[in-house]
Amino acid sequence: TDYNRIYESSDDGRTIRIREAVLKFPFEQREILHRSFVFRLSIPPGEERLIYVYIANEDVTQLAMDLWEPYSFQEFEHYEQLIQGLYYGILFVMIVYNALIFLVVRDWSYLYYVIYALHTSLFMLSQNGVAYELLWPDLPWFAHRFNIMVTPLYLLALLVFTDDFLQMRRHTPLMRRAVPYLRAS
């Protein structure tokens, strides 16, 4: 989302705290330095609070809201980061491995796979907020528009890799004509 505002009210309904998180601001300006928008809520045990959330977005909004105890959130994030690290590590190894194979055998399918895997990695890093957090935290305008820029390249890389790997020109010329890009190649 582009803009998030949290209104935390007391029992009598008065607003006691307003906090904002805006994608167009540098990453360091977030209340909690996290790849997603995370807010700290202080609600004493046995007490109820009314929380209003305002969300504005220029594009499609993916919204997941969870309430966590701080320790449970840290524990979840620890394992989440471990899983993501393994995922991106495996993708990185596959990219390097296939690039080396391409350099040795000169089969274009390997290069097309490397390009596809790179775009997949960048797309997933951006979707998860990791790219904004780690790669370009001082470029909020770029983080805001990156998915729009990388998605067509990601899909094009997938089409080129699929076409070459399956040898659609030779095996399925009729199916190959169904995809406009493949007709142009």
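Up top you'll find the structure we're talking about.
Residues numbered from 1 in each chain as written. Predicted model: local features only at pLDDT ≥ 70, side-chain atom pairs only at ≥ 80, totals over all residues. Heavy atoms only, no water.

Draft legend 1. Geometry of the overall build of the protein. Helices and strands together make up the secondary structure of the protein, namely seven helices and three strands. Put simply, the protein runs from its N terminus to its C terminus through helices and strands in the order β-β-β-α-α-α-α-α-α-α. A compact globule built from 185 residues would reach a C-alpha radius of gyration of about 16 Å, whereas the protein, at 22 Å, exceeds it by more than 25%. The C-alpha extent of the protein, read off along each of the three principal axes, is 75 × 30 × 30 Å. The buried share of the protein, reckoned over its 185 residues, is 31%. (Helix = DSSP H or I, 4+ residues; strand = E, 2+ residues; numbered from the N terminus. Rg over C-alpha atoms; globule rule 2.2 N^0.38 Å. Buried < 20%, exposed > 50% of the residue type's maximum accessible area, 1.4 Å probe, protein only.)

Draft legend 2. Just the pairing of strand E1 (residues 3–9), in detail. Burial runs high along E1: five of the seven residues are buried. Direction of pairing for E1 relative to strand E3 (residues 50–56): antiparallel, over a ladder of seven bridges. Across the sheet, Arg5 pairs through a bridge with Tyr54, a residue of E3. (Pairing = 2+ DSSP bridges.)

Draft legend 3. How the structure looks around helix H4 (residues 140–165). Counted at 1.5 Å a residue, the expected span for H4 with its 26 residues is 38 Å, and the 37 Å between its end C-alpha atoms agrees. At Phe146, H4 is bent by approximately 45°, the largest bend along its length. All of the buried residues along H4 are Pro140, Ala143, His144, Phe146, Asn147, Val150, Tyr154, Ala157, Val160, Phe161 and Asp163. Gln167 lies just past H4 and shows a positive phi near 50°. (Expected span 1.5 Å × (residues − 1). Bend = angle between axes of the 7 residues up to and from the residue.)

Draft legend 4. Structural view of the environment of Ile32. For Ile32, the position within the fold is in the loop between strand E2 (15–22) and E3. The sequence separation of Ile32 and Gln62 amounts to 30 residues, and the corresponding C-alpha distance is 20 Å. Among residues more than four places away in sequence, those in contact with Ile32 are Val38, Phe39 and Arg40. (Contact = heavy atoms within 4.5 Å.)

Draft legend 5. Summary view of the packing of aromatic side chains. This model, assessed by the stated rule, comprises 16 aromatic pairs. Here the aromatic rings of Phe27 and Tyr132 are separated by 5.5 Å at their centres, their planes lie at 90°, and the arrangement is edge-to-face. Of the two residues, Phe27 is situated in the loop between E2 and E3 and Tyr132 in helix H3 (residues 130–135); the sequence distance between them amounts to 105 residues. For the pair Phe27 and Tyr132, a shared accessibility class is recorded, and that class is buried. Ring centres of Trp136 and Phe142 lie 4.8 Å apart, and the angle between their planes is 85°; on these two criteria the pair is classed as edge-to-face. Joined through ring pairs, the aromatic side chains of Tyr113, Tyr116, Phe123, Tyr154, Phe161 and Phe165 make up one cluster. (Phe/Tyr/Trp six-rings, centres within 6.5 Å; stacked < 30°, edge-to-face > 60°.)

Draft legend 6. Just unusual backbone geometry, in detail. Positive phi, close to 60°, is recorded for Arg106, a residue that is not glycine. In this structure, Arg106 sits in the loop between helix H1 (70–105) and helix H2 (108–127). Overall, the relative accessible area of 53% leaves Arg106 in the exposed class. A positive phi is found at Gln167, a non-glycine position, where the angle reads about 50°. Mapped onto the elements, Gln167 comes out in the loop between H4 and helix H5 (168–171). On the basis of relative accessibility, which here comes to 35%, the residue Gln167 falls in the partly exposed class.

Draft legend 7. Up close: the environment of Asn147. On the secondary structure map, Asn147 appears in helix H4. The spacing of Asn147 and Leu41 is 106 residues in sequence and 30 Å in space, taken between C-alpha atoms. At 2.3 Å, the side chain of Asn147 and the side chain of Gln127 are in polar contact. (Polar contact = N/O pair within 3.5 Å; in protein donor to acceptor, adjacent residues only side chain to side chain.)

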